[in-house]
Amino acid sequence: MQSKWYKRIQILMVILLLYCTLAMLDVMVSLKFEIGDESPCISTLTGNDLCFGLVCYKVAIGVLLVTILLSIFLKRKLVKQV
């Protein structure tokens, strides 16, 4: 892999990490204000299962963090030295 592609992929992963973090915060705010008394995770406005979305974003953040850290530690093996 060339160095410019490595940098682009790193930037893309950081942007995805920021997006997932903000989306998780959005779901947490929805959990605080949009749930009813009947069920603890179903939104009264949209009918979506907010707990499922929260779990998905937590997993995505974990996978992205591990991928970013591995790519940082394995940079010498991933990038061709010119």
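For the structure itself, consult the block above.
About the cut-offs
Residues numbered from 1 in each chain as written. Predicted model: local features only at pLDDT ≥ 70, side-chain atom pairs only at ≥ 80, totals over all residues. Heavy atoms only, no water. Helix = DSSP H or I, 4+ residues; strand = E, 2+ residues; numbered from the N terminus. Expected span 1.5 Å × (residues − 1). Buried < 20%, exposed > 50% of the residue type's maximum accessible area, 1.4 Å probe, protein only. Core = buried A, V, L, I, M, F, W, Y, C linked by side-chain atoms within 4.5 Å. Contact = heavy atoms within 4.5 Å. Patch = residues over 30% accessible without salt bridge, like charges linked within 9 Å, V, L, I, M, F, W, Y side chains within 5 Å. Areas by Shrake-Rupley, 256 points an atom, 1.4 Å probe, with all protein chains shown as cover. Salt bridge = Lys/Arg side-chain N within 4 Å of Asp/Glu carboxyl O. Phe/Tyr/Trp six-rings, centres within 6.5 Å; stacked < 30°, edge-to-face > 60°. Lys NZ or Arg CZ within 6 Å of the ring centre and 35° of its normal.

## Description of helix α1 (residues 3-33)
Part 1 of the reasoning: For α1, spanning 31 residues, the distance from its first C-alpha to its last is 46 Å, which sits close to the expected 45 Å at 1.5 Å a residue.
Part 2 of the reasoning: Three or more residues of α1 are buried, namely Y6, Q10, M13, L17, C20, A23, M24, V27, S30 and L31.

## Let's talk about the nonpolar core
As a rule of thumb, soluble globular proteins bury nonpolar side chains together.
Part 1 of the reasoning: By size, the foremost hydrophobic cluster in this structure holds 11 residues: M13, L17, C20, M24, V27, L31, L50, L54, I61, L64 and I68.
Part 2 of the reasoning: Every element with two or more residues in this core is listed here: α1 and α2 (50-73).
Part 3 of the reasoning: Looking at which element gives the most residues to this core, the answer is α1, with 6 residues.
Part 4 of the reasoning: Setting aside residues up to four positions removed in sequence, M13 forms contacts with L64, T67, I68 and S71.

## Here we look at a nonpolar patch on the surface
Part 1 of the reasoning: A surface patch of nonpolar side chains, about 670 Å² in accessible area, is lined by V66, L69, L70, I72, F73, L74 and L78.
Part 2 of the reasoning: When residues of the nonpolar patch are assigned to their parent elements, the largest contribution, 5 residues, is made by α2.
Part 3 of the reasoning: On the secondary structure map, L69 appears in helix α2.
Part 4 of the reasoning: Among the residues examined, L69 registers a relative accessible area of 46% and is labelled partly exposed.

## What to know about the packing of aromatic side chains
Where two aromatic rings form a pair, the distance of their centres and the angle of their planes describe that pair.
Part 1 of the reasoning: Evaluation of the coordinates by the stated rule reveals 0 aromatic pairs.
Part 2 of the reasoning: The aromatic ring of W5 is capped on one face by R8, whose charged end is 4.9 Å from the ring centroid.

Any functional reading would require information that these geometric values do not contain.
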